[in-house]
Amino acid sequence: YIPCIWQQSSGVNFASLIIFDGQNWSRQDVATTRFDSTVQNDVAPVNHAFVALDAENRVHLVYELTGDVGGPPFSFYSFLSVCESVGQQGVYSEKCYDNTPFGIGSMAVGPSGDVHLIGGCSGGPCYLHLDGSSMTLEPLTFNASNLAVNSNDIPATASLGPGNVIYYRVRTPSGWQSQPVVDTPLLLFGVQIAFDNAAGLPYIASTADDPYVAPKDVHEGFYVFLRAPDLAAKWNDIAL
C-alpha cells in the first residue's frame, strides 16, 4: 500500500491508496474535498497521507484535512482535522478529530487498531493517540524520529539529544521514559526505529558522518538492539 494526496483539479484533492496485489497496480480514492458546515467552506486532504495495517489486516489511512477559511483573494489555510479512514476490501469509514492543531510526521498502528502519531503542534513536537472514538494530544519535550509500536500496543521512538546522544524513548502509563543508547562525537542524523515483532525488541538505525576522518562525506550505518524488551536491559555496543 502506498498512501498519497493528489490534486485532480484546483481545489479538489484526494487521499488515496496505490495498491499492488502481486500482479497489478490499482488506486482506491478514500477521501476527497467536501463542504464542511462548521466552517461553511470546502475542506480538503492536504500534505502527506500515512497508512498501516493492524492485526486484523484492516487498513488505516490517516491524513490532514484543511480548508481555505479566508477565501480569495486572501486565502488562509488552517489545519482543522486529523482524519482516519479504516477499511477492508475497499470499503472505508472515516472519523475526523476536529480542531486538531497537528501536522503528521510519523504513524504507527497497534494490533488492536489504535493509531499513534508523532508530529508538530503550534508550540513544538507532539504525540497524538487515536483510539477510534477519541484522541489524546500530548506535547513532547524532545524531537522524536519515527514511531514504532510493539505487539503490546506500546509506542516508542528514538531521538537525538544534546551531545549527539541517541535516546530510546518509550511511552508508559506514567509518561515517556528514556534511555541513552550511545554517546558519540560523530554527527548523527536520520535516526529511525522499528520493532522485531517476533522477539519484541526495538531496533534503532542511523547514519553517522565522522568529521575527523577524510573524506568527511563518508557515512557509516549501524543498528543496535536491546537484549530484552525493557528499559533496564543493555544495548549492544555500536561499532563506528
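Per chain, residues are indexed from 1 in the order of the written sequence. Local features are withheld for residues below a pLDDT of 70 in this predicted model, meaning they are given only at 70 or higher, and side-chain atom pairs are given and counted only at 80 or more; totals for whole chains, interfaces and linings count all residues. Only heavy atoms go into the side-chain values, all of them from the structure, while hydrogens and water stay out.

Student: Any details on the overall build of the chain? Residues and values, ideally.
Tutor: Going along the chain from the N terminus, every DSSP run of H or I of four or more residues is numbered as a helix, and every run of E of two or more is numbered as a strand. What the chain contains, in helices and strands, is zero helices and 19 strands. Evaluated residue by residue, the chain yields a buried proportion of 44% over its 240 residues. The contact rule is simple, with two residues in contact once any of their heavy atoms fall within 4.5 Å. Long-range pairs, those at least 24 residues apart, make up 37% of the contacts in the chain with a sequence separation of at least 6. Accessible surface, the chain as shown: approximately 12600 Å² in total, 51% of it carbon and sulfur. The buried label goes to any residue with under 20% of its type's maximum accessible area, the exposed label to any with over 50%, and the partly exposed label to all in between, with areas taken from a 1.4 Å probe on protein chains only. Areas reported here follow the Shrake-Rupley algorithm with a probe of radius 1.4 Å; residue values treat only the protein chains shown as occluding.

Student: Just give me the short version of the confidence of the model for the chain, but keep the residues and values in it.
Tutor: Per-residue confidence for the chain gives a mean pLDDT of 82; residues scoring 70 or more make up 78%. By mean pLDDT, strand E19 (residues 219-225) is the weakest element of the chain at 57, and strand E3 (residues 25-32) is the strongest at 96. What pLDDT reports is the predictor's confidence in each residue, on a scale of 0 through 100.

Student: Give a description of the sheet that holds strand E9 (residues 103-109) that names residues and reports values.
Tutor: Pairing between two strands requires that DSSP report at least two bridges joining them. Taking strand neighbours across the sheet as the criterion, the four strands line up as E9-E10-E11-E12 in an open arrangement whose pairing is antiparallel. Looking along the sheet, the strands with just one partner apiece sit at the ends: E9 and strand E12 (135-139). Strand-to-strand twist of the sheet, defined as the mean angle between neighbouring strand axes without regard to direction, takes the value 20°. As paired elements, E9 and strand E10 (residues 115-121) share six bridges and run antiparallel to each other. Bridge pairing links Ala108 to His116 in E10. Here an angle of 0 to 180 degrees is reported between the N-to-C directions of two axes, which are lines fitted to C-alpha atoms, with helices fitted over the stretch in contact.

Student: Which residues make up the packing of aromatic side chains, and what are the values?
Tutor: Two aromatic rings, taken as a pair, are described by how far apart their centres are and by the angle between their planes. Ring geometry is summarised as follows: Phe, Tyr and Trp rings, the Trp one being its six-membered ring, pair when their centres sit within 6.5 Å, and such pairs are stacked at plane angles under 30 degrees, edge-to-face over 60 and tilted between the two. Tallying each qualifying case throughout the model produces four aromatic pairs. Centre to centre, the rings of Trp6 and Phe14 are 4.9 Å apart; their planes meet at 15°, and the pair counts as stacked. For Trp6, a relative accessible area of 23% corresponds to the partly exposed category. Between Tyr127 and Trp176, the ring centres sit 5.5 Å apart and the planes meet at 85°, which makes this aromatic pair edge-to-face. Within this pair, whereas Tyr127 is found in strand E11 (residues 124-130), its partner Trp176 is found in strand E16 (residues 175-183), the two being separated by 49 residues in sequence. Classification of Trp176 by relative accessible area gives buried; the value is 19%. Feature note: the residues Tyr127, Phe142 and Trp176 constitute an aromatic cluster, connected by ring pairs.

Student: With reference to specific residues and values, describe the pattern of salt bridges.
Tutor: For this analysis, a salt bridge means a side-chain nitrogen from Lys or Arg found within 4 Å of a carboxyl oxygen belonging to Asp or Glu. Scanning the model with the defined rule gives five salt bridges in all. For the salt bridge of Asp29 with Arg27, the shortest nitrogen-to-oxygen distance reads 2.8 Å. The class for Asp29 is partly exposed, based on a relative accessible area of 35%. For Arg27, a relative accessible area of 47% gives the class partly exposed. Between Arg58 and Glu56 there is a salt bridge, with its nearest N and O atoms 3.7 Å apart.

Student: How would you explain a nonpolar patch on the surface if you had to name every residue and give the values?
Tutor: By definition, no residue in a patch forms a salt bridge, and every one has over 30% relative accessible area; like charges are joined within 9 Å, nonpolar side chains (Val, Leu, Ile, Met, Phe, Trp, Tyr) within 5 Å. Side chains of Ile2, Phe20 and Trp25 sit close together on the surface and give an oily, nonpolar patch of about 340 Å² of accessible area. Note that Phe20 resides in strand E2 (residues 12-20).

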